[in-house]
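Chain and residue survey
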Amino acid sequence: EYRNTLADLLRLEKPPTLALPADEVTTGFDNNAAILRVTGAHAEAYQEAAEAAVAATLPRLDRLLPCGTEPTQAAEQDACAQAFVAQFGRRAFRRPLDSGERERVLGLYRVGKSMGGFRKGIELVMRGLLQSPAFLYRLETSTPPSANTATVPLSQYEIATRLSYFLWATMPDDGLLDDADNGRLGTRKAIESTATRMLKDPKAALVVADFHKQWLDLGLLTHATKDPANYPQWNAQLRDALWAQAYAFIEAVWQGDHKLTTLLTSTDVYANEALRGTFGVPAAQKLGSAFEKVDLAGQPRAGLLTLPAVLAAHALPNQSSPVHRGIFVRERLMCQPPPPVPPGLNVMAPEPDPNASTRERFEQHRSNPSCAACHRLFDSIGMAFENYDGMGRFRTHEAGKSIDAKGEIVDSIDIDGTFDGVAALGARLAGSSQVQECVATQWYRYALGRWETEADACGLSELSNVLKSSNGDLHALLIALTQTDAFLQRR
């Protein structure tokens, strides 16, 4: 969000490369305000980023100046600076500056002008604004209607900001700020109409990509290593291609019918020449560098569960992992995180054995009473993925034996039962109210930047009902989220 905001605010052609400390992650997402802290390292990095971004902008300063080209006369310079502070300040703070803020920022301009002329004055203004708390933080300070009010309606500028960072992962554009200026975000219907328009904008693709990267834990691919003895084809280029292929599939669903069922069960596969080997595409089928839909007859793929990026991310360096893959389904799609590992328990996976299948090697999890109570929750799901190796390639045999991909879900709300293979698992999940509620919860956490509480029960119930009544329409879910009290108010 910070990187995208810098690019939009400074009219850069692409987001700058930044060396910022990694954010903490909880409930699967890195934007939870309750655990984010600004350390000295963060403060220094934001200062350096602001100064570098402003320095890169100065050679093309004219595109930001309301007066066009840089004035030469002192009076014209001061008038241009005042207009710049009002215009650029509104965009940086995502609201108009008050009179005290304008005067303080103009003070920076005067200091800079005395040091090095008009351009130096504008440089100090930009550097100051980019290091202000009103820019760095999404402050919500709307006045409570009374001292005893438990919740406060957000101002229209705060609504514009929430909409923009939720649906575009960046600052509000001039149109959104104009809507707030003119009172056009004052009703739920107006907000719904605005959210619908924003979701159709190409910028919404940034949020779709970021949400799925975090929800599916594809960040694990960034540092994933694979044993070259088992997976000699693995390298950084292939890793990047796997993520790009996953996004090509996700984007196709979101640009298509945007249904949860399609996301979980679609047999469409997108490949390019770099992934020919991963998918086993016949040599006779021509592929280029761009991703295109391919026909993989006899090689079942079923939605996001069989994306090679997901399969490789939730595997071990030297083998597949029914534990990791089962926990992924249980935690991210069913919202039932496993209990913590008992202290002192050996959690090392059994080593690969050329004479034993994964199912045979992991049998000890079911036969050992100290393991069985927990592993029954996820191993029995993870075994359904065994037709896919640790790199996401399809296979029918392991250790010379036919793979048994039967699985079972236990202790769920509405999807207990046995199934055979990932396609059957995906279909079972797609028809589950529990999964619909979980997906609604995941988007809720991501949109609001916090975990849910008891007070959110009604809002979450409303979102789950929207998914059910719309036959799993994810666009409808996001628009409905902007209508919840939690999105439109603050405590």
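It should be noted that the structure appears before, not after, this text.
Rules used in this analysis
Every chain begins its residue count from 1, and numbering advances along the sequence as written. Thresholds applied to this predicted model are a pLDDT of at least 70 for local features of residues and 80 or more for the giving and counting of side-chain atom pairs; totals over whole chains, interfaces and linings are not thresholded and use all residues. Only hydrogens and water are set aside when side-chain values are computed; all heavy atoms of the structure are taken into account. Here the term patch refers to residues with relative accessible area over 30% and no salt bridge, with like charges joined within 9 Å and nonpolar side chains (Val, Leu, Ile, Met, Phe, Trp, Tyr) within 5 Å. What sets the accessible areas is the Shrake-Rupley method with a 1.4 Å probe; for residues, cover comes only from the shown protein chains. The working definition used for a salt bridge is a side-chain nitrogen of Lys or Arg within 4 Å of a carboxyl oxygen of Asp or Glu. By definition, any uninterrupted DSSP run of H or I lasting at least four residues is a helix, any uninterrupted run of E lasting at least two residues is a strand, and each is numbered from the N terminus. Here the term buried applies to any residue with accessible area under 20% of the maximum for its type, exposed to any over 50%, and partly exposed to those in between, with areas from a 1.4 Å probe on protein chains only. Any two residues whose heavy atoms approach within 4.5 Å are treated as being in contact. Each aromatic pair joins two rings of Phe, Tyr and Trp (for Trp, the six-membered one) with centres within 6.5 Å, and gets the label stacked for planes under 30 degrees apart, edge-to-face for over 60, and tilted for any other angle. Using a 1 Å grid laid over the protein atoms alone, points where a 1.4 Å probe fits but cannot get out form a cavity; open sets with protein on both sides within 12 Å along at least 5 of 7 lines form a pocket; any residue with an atom within 4 Å of a point counts as lining. Grid points are joined across faces, edges and corners, and a volume is the space filled by probe spheres set on the points. Charged means Asp, Glu, Lys or Arg here, nonpolar means Ala, Val, Leu, Ile, Met, Phe, Trp, Tyr, Cys or Pro, and polar covers whatever is left, Gly included. In this description, a disulfide is simply a cysteine sulfur pair whose atoms lie within 2.5 Å. Axes here refer to lines fitted to C-alpha atoms; in helices the fit is confined to the stretch in contact. Angles between the N-to-C directions go from 0 to 180 degrees. Helix crossings fall into two classes, left-handed where the near helix is turned counterclockwise from the far one by less than a right angle and right-handed where it is turned clockwise. Any helix carries an expected span of 1.5 Å times its number of residues minus one. For this analysis, a polar contact is any N or O atom pair within 3.5 Å, provided that within protein one partner can donate a hydrogen and the other can accept it, and provided that sequence-adjacent residues contribute only side-chain to side-chain pairs.

Below, the discussion takes up a nonpolar patch on the surface. Where nonpolar side chains cluster on the molecular surface, the patch consists of Val38, Tyr137 and Leu139 and spans about 270 Å² of accessible area. Locating Val38 in the fold gives a position in the loop between helix H1 (2-9) and helix H2 (40-57). A residue is classified by how much of its surface remains accessible, and Val38, at 45% relative accessible area, is partly exposed.

For the rest of this paragraph, the subject is the side chain of Asp179. By the element assignment, Asp179 lies in helix H8 (residues 174-181). What makes Asp179 buried here is its relative accessible area of 13%. Leaving out residues up to four positions away in the same chain, Asp179 has contacts with Gln156, Arg184, Leu185 and Arg197.

The tally for this structure, following the rule as stated, stands at 15 aromatic pairs. Summarising the aromatic geometry, the rings of Phe84 and Phe88 are spaced 4.9 Å apart at their centres and angled 15° between planes, so their arrangement reads as stacked. Of the two residues, Phe84 and Phe88 are both situated in helix H3 (residues 74-93); the distance of four residues between them amounts to about one turn of the helix. The exposure class assigned to Phe84 is buried, which follows from its relative accessible area of 0%. Residue class for Phe88 comes out buried when judged on its relative accessible area of 2%.

As a further point, take empty space enclosed by the protein. Counted by the stated rule, this structure contains one cavity of 30 Å³ or more. Considered as a void within the structure, the largest cavity measures approximately 70 Å³ in volume. Taken together, 13 residues make up the lining of the largest cavity; nearest its centre are Asp268, Val269, Arg301, Gly303 and Leu307. When contributions to the lining of the largest cavity are tallied by element, the ones reaching two or more residues are helix H11 (236-255) and strand E2 (269-271). When grouped by side-chain class, the residues that make up the lining of the largest cavity number seven nonpolar, four polar and two charged.

Before going further, it helps to examine the state of the cysteines. As used here, a disulfide is simply a covalent bond connecting the sulfur atoms of two cysteines. Counted according to the given criterion, the structure contains two disulfides. Each disulfide pairs two cysteine sulfurs, and for Cys67 the partner residue is Cys80, the sulfurs being separated by 1.9 Å. Taking the sign of the S-S torsion, about -60° here, the bridge from Cys67 to Cys80 comes out left-handed. Note that Cys67 is positioned in the loop between H2 and H3 and Cys80 in helix H3, a separation of 13 residues in sequence. The exposure class assigned to Cys67 is partly exposed, which follows from its relative accessible area of 35%. Two residues, Cys335 and Cys438, share a disulfide whose sulfurs are 2.1 Å apart. Taking the sign of the torsion about the S-S bond as the criterion, the disulfide between Cys335 and Cys438, at about 80°, is right-handed. Residue Cys335 is found in the loop between helix H15 (322-333) and helix H16 (358-361), and its partner Cys438 is found in helix H20 (residues 433-448); the two are separated by 103 residues along the sequence. Overall, Cys335 belongs to the partly exposed group, its relative accessible area being 25%.

A few words now on the environment of Gly390. Along the polypeptide, Gly390 turns up in the loop between helix H18 (369-382) and strand E4 (397-398). Here the alpha-carbon distance between Gly390 and Leu478, two residues 88 residues apart in the chain, equals 33 Å. Excluding residues that lie within four positions of it along the chain, Gly390 makes contacts with Lys226, Tyr231, Leu311, Ala312, Ala315, Gln319, Ser320 and Arg325.

Another aspect to go through is the packing of H2 against helix H5 (residues 118-130). Packing of H2 against H5 leaves a shortest axis separation of 9 Å and a crossing angle of 145°. The chirality of how H2 crosses H5 is right-handed. Here Ala50, Glu51 and Val54 of H2 lie close against H5, whose contacting residues are Glu123, Met126, Arg127 and Leu130. Grouping the constituent residues of the contact of H2 with H5 by class yields four nonpolar, no polar and three charged.

Helix length check: H20 (16 residues) gives 22 Å between terminal C-alpha atoms against 22 Å at 1.5 Å per residue, within 8%. The element H20 is largely enclosed, with a buried count of 14 among its 16 residues. Its side-chain oxygen 3.0 Å from the backbone nitrogen of Gln434, Ser432 forms the N-cap of H20. Gly449 sits one or two positions beyond H20 and adopts a positive phi of about 65°.

Tallying each qualifying case throughout the model produces 32 salt bridges. Note that Arg127 is salt-bridged to Glu51, the shortest N-O span being 3.2 Å. Of this pair, Arg127 sits in helix H5 while Glu51 sits in helix H2, placing them 76 residues apart in sequence. Given the relative accessible area of 25%, Arg127 is considered partly exposed. Among the salt bridges present, the one from Lys401 reaches Glu360, with a minimum N-O distance of 2.9 Å. Taken together, the positions of Lys401 in strand E5 (residues 401-402) and Glu360 in helix H16 put the pair 41 residues apart, joining distant regions of the chain. A relative accessible area of 40% means that Glu360 is categorised as partly exposed. Among the charged side chains, a network of salt bridges with common partners joins Glu51, Lys120, Glu123 and Arg127.

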